[in-house]
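Here are the chains, one letter per residue:
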Amino acid sequence: RQTRIASTILDADVLETDPMFIEPLTAATVKEGKLPPDELIRIAKTFLKTSNGLGGDPDMLSNSFQFEGPVVGPLSKEAFVKAIGSVDFA
């Protein structure tokens, strides 16, 4: 299975075997009408892989996206994209 993000195609095995991700990821329950845990995990991995683990493709975020971390937040989609784009580990 392949996932297309902009002009990049990511094979499912790349997402499953990349050391950037912790395994195993599971969910105890699935709420009715929601995406199954495996699909949610695949979407999250694809998002992170688009930027090598820091941020991700903003087009994959809902307009109502809100980031909330243990120290930072809540941040709107616009504020999150701006903040994550200015992070420099060098």
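As shown above, the structure is provided for reference.
Residues numbered from 1 in each chain as written. Predicted model: local features only at pLDDT ≥ 70, side-chain atom pairs only at ≥ 80, totals over all residues. Heavy atoms only, no water.

J.: Can you walk me through the overall build of the protein chain in this structure?
T.: Regarding its fold elements, the protein chain presents three helices and four strands. Looking at the 90 residues of the protein chain, the share that counts as buried comes to 20%. Partitioning the contacts of the protein chain with sequence separation of at least 6, the portion at a separation of at least 24 is 38%. Surface exposure of the protein chain reaches about 6,900 Å², of which carbon and sulfur atoms provide 55%. (Helix = DSSP H or I, 4+ residues; strand = E, 2+ residues; numbered from the N terminus. Buried < 20%, exposed > 50% of the residue type's maximum accessible area, 1.4 Å probe, protein only. Contact = heavy atoms within 4.5 Å. Areas by Shrake-Rupley, 256 points an atom, 1.4 Å probe, with all protein chains shown as cover.)

J.: Is there a simple way to think about the packing of aromatic side chains in this case?
T.: The description of an aromatic ring pair uses the distance of the two centres, along with the angle that the planes make with each other. Summed over all chains, the structure comprises two aromatic pairs. Geometrically, the ring pair formed by F65 and F80 is tilted, given 5.1 Å between the ring centres and 55° between the ring planes. In this pair, F65 is assigned in the loop between α2 (37–49) and β3 (66–67) and F80 in helix α3 (residues 77–85), connecting sequence segments 15 residues apart. Judged by relative accessible area, which is 11%, F80 ranks as buried. Here F67 and F80 contribute two aromatic rings whose centre-to-centre distance is 5.2 Å and whose plane-to-plane angle is 25°, an arrangement assigned as stacked. Of this pair, F67 sits in strand β3 while F80 sits in helix α3, and the two are 13 residues apart along the sequence. Chaining the aromatic ring pairs together yields one cluster made of F65, F67 and F80. (Phe/Tyr/Trp six-rings, centres within 6.5 Å; stacked < 30°, edge-to-face > 60°.)

J.: Explanation requested: the side chain of K77 in the structure shown.
T.: Within the secondary structure layout, K77 lies in helix α3. With no salt bridge to any partner, buried K77 finds its closest opposite charge in D59, at an N-O distance of 5.4 Å. In terms of polar contacts, K77 uses its side chain to reach the backbone carbonyl oxygen of P58, at 3.3 Å. (Lys, Arg positive; Asp, Glu negative; His and termini not counted. Salt bridge = Lys/Arg side-chain N within 4 Å of Asp/Glu carboxyl O. Polar contact = N/O pair within 3.5 Å; in protein donor to acceptor, adjacent residues only side chain to side chain.)

J.: Explain the environment of D57 here, please?
T.: Positionally, D57 belongs in the loop between α2 and β3. In this structure, the C-alpha to C-alpha distance between D57 and V81, residues 24 residues apart in sequence, is 9.0 Å.

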